[in-house]
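# Structural features, examined
Take a look at the letters that make up each chain.
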Amino acid sequence: MRLTQLSEAFIRSAAYERRFLHKNPWDLTMVVWIPLLTVLLIWWIFSQTQITNLPIGVIDQDNGPVANTAVRYLDASPTLSVRQMYYSAAEAEAAILQRDIYAVVIIPEDFSRNILSSKSAPLILQVNAQYGTHSGIIQTGVQAVAGTLSAGVEIQRLIKQGMAPSQAAIAYSPISIQRISLFNAATDYQQFLASTVIPALLHILAMVIGATTIGRELRDKQLGHWYGFIASAQAYDNLSGNISANISDSASASASASANISGNVNNNVADNTVQKIAALSQPAAKLPNSTAKDNTNQKPVSTLPSVHMGVLLFGLLGKYFWPMLAYGLWSILALWLATPQESVASSAVFATYLGLLLLMMLSFWLGAIFTLGSFSLRMGLSATGFISAPSYAFAGVTFPYIAISDSAKHWSDALPLTHYLKLHIAQMQMQAPVAISLPILYGLAIATVVAMMLTALLTKRALAHPERWGAR
Amino acid sequence: MPPLSTDHNAKVTQPQPPVQGFFASFFQTLTDVFKDKGIVLMLIIAPIIYGFFYPWPYSSEVVNHVPVGIVDKDNSDLSRTIVRYASASPQLDTRRFLDEQSAKEAIWADEIAGYMVIPSGLEQNVLSGKAASVSVLGNGGYFLLNKNVQMGFLKAVSTVSAGVKIKKSVAQGAYAPTAAQNAQAVPLQIVPLYNQTEGYGAYVVPAVSIIILQQTLLMATAMLIGTWYEQRRHQTSISGWLGRITALSTLSFLIGCFYYGWAFELHHYPRGQNMLGSLLFLLLFCPTVATLGCLLGLWFRQRERSMQILIFSSLPMFFVSGYPWPADQLPTFLQIVRWFIPTTPAINTSVQLNQMGASISQVATGFYALAALWALYFALLVWLRWYNAPKRRQVS
């Protein structure tokens, strides 16, 4: 009996939500389509996985053969492209200021002479360090060219001295370095940025959905109606009879206008009409004045002596069923895109998916908690934005966690995204054994359950305070 | 009509004709902004908090003392020299591991960011003039860390390698100082311009500030217009709209000055290279964003919707702006579409003026683009006004 009551609450709540989403295209878009578009958009932005041909300039004051070789090497480097030769420093500076080029390589006057006389012949790279990404890539590229040039010059010098070419290469660099990038070896930006930005954005969107799904019931003063609806069929029939149906935007305007004129300013009237929650009930439209009875009907429902926690919990699960379904599906897509060519163990993908699902659910509940805590959808959304929007910056992906200032580390540790991305990178990119990431999964699971309980408790509190509903 | 707060209710009860004139509309907007907690929070308080909050993780600016591992399988004088040089590097913080497996496990556990393997027989190979190499294994999953690990080890090993070379050259009869000079025939001298310390915060925060300014102003404006729409107070004359836009952009302009004059100063970012140009930029940027906000408000038609739709959009907008990611690497379609967002010209223009010190003529494209966007948004606003209010036009 009790079990059927709980499943009834779940099903009724899901049906309530389904009808709402059906009638409100904006909300349906937020729940279903925007997350899908976001996943695809981010993947598309980074579809060119390598940065190539960054424009640089060259000032060649030497014009010798080695200098020409240097220019050729620079242009041949996959990350660089010599946009133009400049003849004065001022010209080059203006080009940098206009962002025609991001760096200029200066080959000094005595470059060839120094090389011929076995002296050190430096190249000078002036790089626009304000553009950090561009600057880093250009520095590495030009550094490589300088290294190649050096090797060529020295090995030739040693051969001239009579050394065998193979010996010369060793003598040039007695201890060479093999640089190996253990994971993400091709420095693929799609792997590095897109696959971590997507969960970050889904986290933001899920918190917004979490705040909105319960927050609009508070704003529209429908929370009691919702609970009544999921708790018993009786309450549903009583309530729905009082709600006028299917009134279009313009009609609602005139309806509320007439309410204003008649001097009977009843907040519930406007709510029920404007917000189209009315769509839930029978199509028989009633006069705005008659809906005023709502007030008297709703309060007893909301202050029902027994708000059953089990019913409330299952009702909440039902209310968030559609967002969970949508975000669960798009999470599969996100992980499918993020799975690199090299095989990732299916257990790793499964663990990551579990982590992402938990992150999504946790985000829903967190959004709901901020909204219920403040009794205001607007405040819930403000808190959501404040916490989730910059969380990627604190997560330690672009700027490493170990370099984050100590005080900010506490904030970073408190963000669920930080932990999920740690798991994501370990499992999807570093091929770590699943066991290493299990503590993160447990942590996310515990946080999700706690947040869910807290949401239910706060909903109970909100039901007990109908006088605070309707805050904007 | 949904009630906002008690003072808003009062307005609902006596529907008033919308204010029409420029100045009346200007002051009405200011009054409504300051009467509404939600809009004050979004328009004024949020950007000020973000001015402190966003630069917070980057306060150390440069990544140093990255924890790394060393697996020394050679255990010779030479390998110990390499280890000593590596641990002396300010970029690295070294730890010894017995074998590669334990080093790898430390990477997975996020204890180290990479490690170097010195193979056995290194010293012997070097002494007998055979090819010898060490391996540096960085974690490609984290770009910035990987660069640090590679560079730190590279410097340590190159120094030792150069030492070996010099010793050999000297042994072969070369004069020591000449040999030392030859360590690298073509050294590279890198001169970082503008952001001279190459700090991460100094790179990212000036650009993100423009995103913050845009998003808070967009959300606040759309929230205000959406609220007015719910109260059916959204309609006004063209000069009325101009008054509203002026009021909102004035407040946002002041916040922009807070960033330029104070927030950047506080964090010691490069700033104020062309202050007059920067202020002119804000004078154009704020109205452009405010006009877009009005447009979005008329589209969203609900108080909270601007936040629901706009909160997540900051990151994608940042990535298509061309600042953190070169714009010509974007798909062609996105390269065009991105120009409909104010931050696309704005981030680069602001950085070029304020951080790099470009002249106004050098950023003319950005100014033209912002002016064109403003004209486009305003034309759409005027069209929407005409399209949405046929009844009012007949009456008047």
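Worth saying up front: this structure is predicted, and the values here are computed from it rather than measured. Residue positions are counted from 1 within each chain, in the order its sequence is given. Key to labels: chains lettered from A, ligands numbered from 1, both in the order written. Local features in this predicted model are restricted to residues whose pLDDT is 70 or higher, and side-chain atom pairs enter the listing and the counts only when it is 80 or higher, whereas totals over whole chains, interfaces and linings include all residues.

This part takes up the overall build of chain A. Scanning chain A for helices and strands turns up 22 helices and five strands. Summarising the internal contacts of chain A: among those between residues at least 6 apart in sequence, 77% fall at separations of at least 24. Only DSSP runs of H or I covering at least 4 residues are called helices, and only runs of E covering at least 2 are called strands; the numbering of each starts at the N terminus. Here the contact rule is simple: place C-beta atoms from the backbone, and any two residues whose C-beta atoms are within 7 Å are in contact.

Note on pairing: two strands pair once DSSP finds at least 2 bridges between them. The sheet built from five strands is open, its strands ordered β2(A)-β1(A)-β3(A)-β4(A)-β5(B) with mixed pairing. Each end of this open sheet is capped by a strand with a single partner; those strands are β2 (80-86) of chain A together with β5 (188-193) of chain B. Each adjacent strand pair in this sheet contributes to an overall mean axis angle of 25 degrees, direction not counted. Here, axes are lines fitted to C-alpha atoms. For helices the fit covers the stretch in contact, and angles between N-to-C directions go from 0 to 180 degrees. Strands in contact with helix α4 (residues 89-97) of chain A are β1 (54-60), β2, β3 (103-107) and β4 (123-128) of chain A together with β5 of chain B; relative to β1(A), the strand with the most contacts, it is inclined by about 170 degrees. Contacting β1, β2, β3 and β4 of chain A together with β5 of chain B, helix α6 (residues 132-160) of chain A crosses the sheet at an angle of about 170 degrees to β4(A).

Structurally, chain A comprises domain 1 (2-45 + 189-220 + 306-468) and domain 2 (54-166). Note that domain bounds follow an automatic or database assignment of domains. Using C-alpha coordinates to define each centre, domain 1 of chain A is positioned 49 Å away from domain 2 of chain A.

Our next topic: the interface of chain A and chain B. Taken together, the contacts link 103 residues of chain A with 98 residues of chain B. When residues of the side of chain A that touches chain B are assigned to their parent elements, the largest contribution, 13 residues, is made by α6(A). In this classification, the charged set is Asp, Glu, Lys and Arg, the nonpolar set is Ala, Val, Leu, Ile, Met, Phe, Trp, Tyr, Cys and Pro, and all remaining amino acids, among them Gly, are polar. The class makeup of the residues in the side of chain A that touches chain B is 60 nonpolar, 34 polar and nine charged. Relative to strand β4 (residues 132-138) of chain B, strand β5 (residues 175-181) of chain A runs parallel, the two being bridged by seven bridges. When the bridges of β4(B) are listed, Ser181(A) appears paired with Gly138(B).

So, about the packing of helix α2 (residues 25-45) of chain A against helix α16 (residues 321-338) of chain A. Residues and elements named next belong to chain A. Between α2 and α16, whose axes approach to 9 Å, the crossing angle comes to 10 degrees. With respect to their mutual orientation, α2 and α16 come out roughly parallel. Helix-helix and strand crossings are classified by hand; for α2 and α16 the assignment is right-handed. The segment α2 lies against α16, with Val-31, Val-32, Pro-35, Leu-36, Val-39 and Trp-43 engaging Trp-322, Pro-323, Ala-326, Tyr-327, Trp-330, Leu-333, Ala-334 and Leu-337. Its residues assigned to classes, the contact of α2 with α16 shows 14 nonpolar, no polar and no charged. An angle below 35 degrees is read as roughly parallel, one above 145 as roughly antiparallel, one from 65 to 115 as roughly perpendicular, and any other as oblique. In a left-handed crossing the near helix is turned counterclockwise from the far helix by less than a right angle, and in a right-handed crossing that turn is clockwise.

Next up on the list: the confidence of the model for chain A. All names here are of chain A. Residues of chain A with pLDDT of at least 70 account for 83%, and the chain-wide mean is 82. Across chain A, the element-wise mean pLDDT spans from 39 in helix α13 (residues 288-291) up to 95 in helix α17 (residues 346-374). A score from 0 to 100, pLDDT tells how confident the predictor is in each residue. Low pLDDT (under 50) marks residues 234-305, which in the prediction has 114 contacts with non-local residues, meaning those over four places away or in another chain.

Residues apart from glycine generally show negative phi values, whereas peptide bonds are mostly found in trans. Even without glycine at this site, Lys221(A) takes up a positive phi of about 55 degrees. Positionally, Lys221(A) belongs in the loop between α8 (189-219) and α9 (223-231). The backbone of Tyr194(B) shows a phi angle near 65 degrees, a positive value even though the residue is not glycine. When you line up the elements, Tyr194(B) lands in the loop between β5 and α9 (200-230). Residues with at least 20 neighbouring C-beta atoms inside 10 Å of their own are called buried, those with 12 or fewer are called exposed, and the rest are partly exposed, where every C-beta is derived from the backbone. For Tyr194(B), a count of 22 C-beta atoms within 10 Å corresponds to the buried category.

We now examine the sheet that holds strand β1 (residues 66-72) of chain B. One open sheet accounts for five strands, arranged β5(A)-β4(B)-β3(B)-β1(B)-β2(B); its pairing is mixed. Two strands lie at the open edges of the sheet, namely β5 of chain A together with β2 (92-97) of chain B, each paired on one side alone. Looking at each pair of strands side by side, their axes are set apart by 25 degrees on average, direction ignored. Of the strands in this sheet, β1, β2 and β3 (114-118) of chain B are in contact with helix α4 (residues 77-88) of chain B, which crosses β1(B) at around 175 degrees. Contacts from helix α5 (residues 100-108) of chain B reach β1, β2 and β3 of chain B within the one sheet, and its direction differs from that of β1(B) by about 170 degrees.

A few words now on the confidence of the model for chain B. All names here are of chain B. The pLDDT averaged across chain B works out to 86; a share of 89% of its residues lies at or above 70. Within the model, pLDDT remains below 50 along residues 1-15, and this stretch shows 29 contacts once partners closer than five positions in the same chain are excluded. Taken together, the chains of this predicted complex give a pTM of 0.85 and an interface ipTM of 0.87.

All names here are of chain A. Most of β3 is tucked away, with five of its five residues classed as buried. What you see with β3 is no split at all: Ala-103, Val-105 and Ile-107 on one side and Val-104 and Ile-106 on the other are buried throughout. Relative to β3, β1 runs parallel, the two being bridged by four bridges. Following the sheet pairing, Ile-59 is matched in β3 by Ile-106. Bridge analysis of β3 against β4 gives four bridges, and the strand direction is antiparallel. Following the sheet pairing, Val-105 is matched in β4 by Leu-125.

Residue and element names in this part refer to chain A. By the bridge criterion, six bridges tie β1 to β2 in an arrangement that is parallel. When the bridges of β2 are listed, Gly-57 appears paired with Gln-84. For a crossover, the right-handed case is the one in which the path from the first strand over the helix to the second runs clockwise, viewed with the strands pointing away from the viewer. Each parallel crossover has a hand, and for β1 linked through helix α3 (residues 65-76) to β2 it is right-handed.

Let's shift gears to the environment of Trp262(B). Here Trp262(B) lies in helix α10 (residues 238-266). For the pair Trp262(B) and Gly51(B), spaced 211 residues apart in sequence, the C-alpha to C-alpha distance is 9.1 Å.

With that settled, the discussion passes to helix α11 (residues 275-300) of chain B. Residues and elements named next belong to chain B. Compared with the 38 Å implied by 1.5 Å per residue over 26 residues, the 36 Å span of α11 between its first and last C-alpha is a close match. With 20 of its 26 residues buried, α11 lies for the most part within the structure. Arg-301 lies just past α11 and shows a positive phi near 60 degrees. Take the number of residues in a helix, subtract one, and multiply by 1.5 Å to get its expected span.

Residue and element names in this part refer to chain B. At a minimum axis distance of 8 Å, the contact between α10 and α11 shows a crossing angle of 135 degrees. Put simply, α10 runs oblique to α11. The hand of the α10/α11 crossing is right-handed. In this structure, α10 contributes Trp-241, Arg-244, Ile-245, Leu-248, Ser-249, Ser-252, Phe-253, Gly-256 and Tyr-260 to the contact, and α11 contributes Ser-278, Leu-282, Leu-283, Cys-286, Pro-287, Ala-290, Thr-291 and Cys-294. For the contact of α10 with α11, a count of residues per class yields 11 nonpolar, five polar and one charged.

Turning our eyes to something else, we now look at the environment of Val320(B). Within the secondary structure, Val320(B) is located in helix α13 (residues 314-320). Judged by the 22 C-beta atoms lying within 10 Å of it, Val320(B) is buried. Residues Val320(B) and Pro206(B), 114 residues apart in the sequence, show an inter-C-alpha distance of 16 Å. Discounting residues that sit within four places of it in the chain, Val320(B) has contacts with Ile45(A), Leu330(B), Leu334(B), Arg338(B) and Thr344(B).

All names here are of chain A. When you line up the elements, Asn-68 lands in helix α3. Judged by the 14 C-beta atoms lying within 10 Å of it, Asn-68 is partly exposed. The sequence separation of Asn-68 and Ile-107 amounts to 39 residues, and the corresponding C-alpha distance is 9.8 Å.

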